[in-house]
Amino acid sequence: MLRCPVTGATLIDGAGPDGAPELHSTDPDRPLAYPVRDGIPVLLESDAREL
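Below is a short write-up of the structure.

Cut-off values and rules
- Residues numbered from 1 in each chain as written.
- Predicted model: local features only at pLDDT ≥ 70, side-chain atom pairs only at ≥ 80, totals over all residues.
- Heavy atoms only, no water.
- Helix = DSSP H or I, 4+ residues; strand = E, 2+ residues; numbered from the N terminus.
- Rg over C-alpha atoms; globule rule 2.2 N^0.38 Å.
- Buried < 20%, exposed > 50% of the residue type's maximum accessible area, 1.4 Å probe, protein only.
- Areas by Shrake-Rupley, 256 points an atom, 1.4 Å probe, with all protein chains shown as cover.
- Salt bridge = Lys/Arg side-chain N within 4 Å of Asp/Glu carboxyl O.
- Contact = heavy atoms within 4.5 Å.
- Pairing = 2+ DSSP bridges.

Another aspect to go through is the overall build of the protein. Broken down by element type, the protein carries 0 helices and 5 strands. Starting at the N terminus, the α and β elements of the protein follow one another as β-β-β-β-β. A compact globule built from 51 residues would reach a C-alpha radius of gyration of about 10 Å, and the protein, at 10 Å, matches this within 12%. With respect to the three principal axes, the spread of C-alpha positions in the protein is 25 × 20 × 20 Å. Taken over 51 residues, the protein has a buried fraction of 29%. Per element, the accessible surface of the protein, about 3,300 Å² overall, is 53% carbon and sulfur.

What follows is the structure in structure tokens.
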């Protein structure tokens, strides 16, 4: 199970506005989305976007 490196919340599969795969944080106070590039999650705060 993957966790958000910023909040420690569980990450779940999702899709971005353009339909690209992402991992979405389940943190209710600071939900973030992390991109998945070439099947590899990029869990860097600098690459995350607010949901």
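Before going further, it helps to examine the pattern of salt bridges. Applying the stated criterion across every chain, the model contains 4 salt bridges. Ionic pairing is found between E22 and R49, a salt bridge with its closest N-O pair at 3.0 Å. Of this pair, E22 sits in strand β2 (residues 21–25) while R49 sits in strand β5 (residues 49–50); the two residues are 27 residues apart in sequence, bridging distant segments of the chain. Taking the relative accessible area as the measure of exposure, E22 reaches 10% and is therefore buried. Sharing partners across several salt bridges, the network here consists of R30, E45 and E50.

A few words now on the environment of L43. Along the polypeptide, L43 turns up in the loop between β4 (40–41) and β5. Owing to a relative accessible area of 27%, L43 belongs among the partly exposed residues under this scheme. Each C-alpha atom, one on L43 and one on G8, is 12 Å from the other, the two residues being 35 residues apart in sequence. Leaving out residues up to four positions away in the same chain, L43 has contacts with R3, P5, L11, L23 and Y34.

Bringing the pairing of strand β3 (residues 32–37) into the picture now. When β2 meets β3, the two strands line up antiparallel, connected through 3 bridges. Of the residues in β3, the one forming a bridge with L23 is Y34. Connecting β2 to the antiparallel partner β3 that follows it, the hairpin turn spans 6 residues. As paired elements, β3 and β5 share 2 bridges and run antiparallel to each other.

Nothing here speaks to function; it is geometry throughout.
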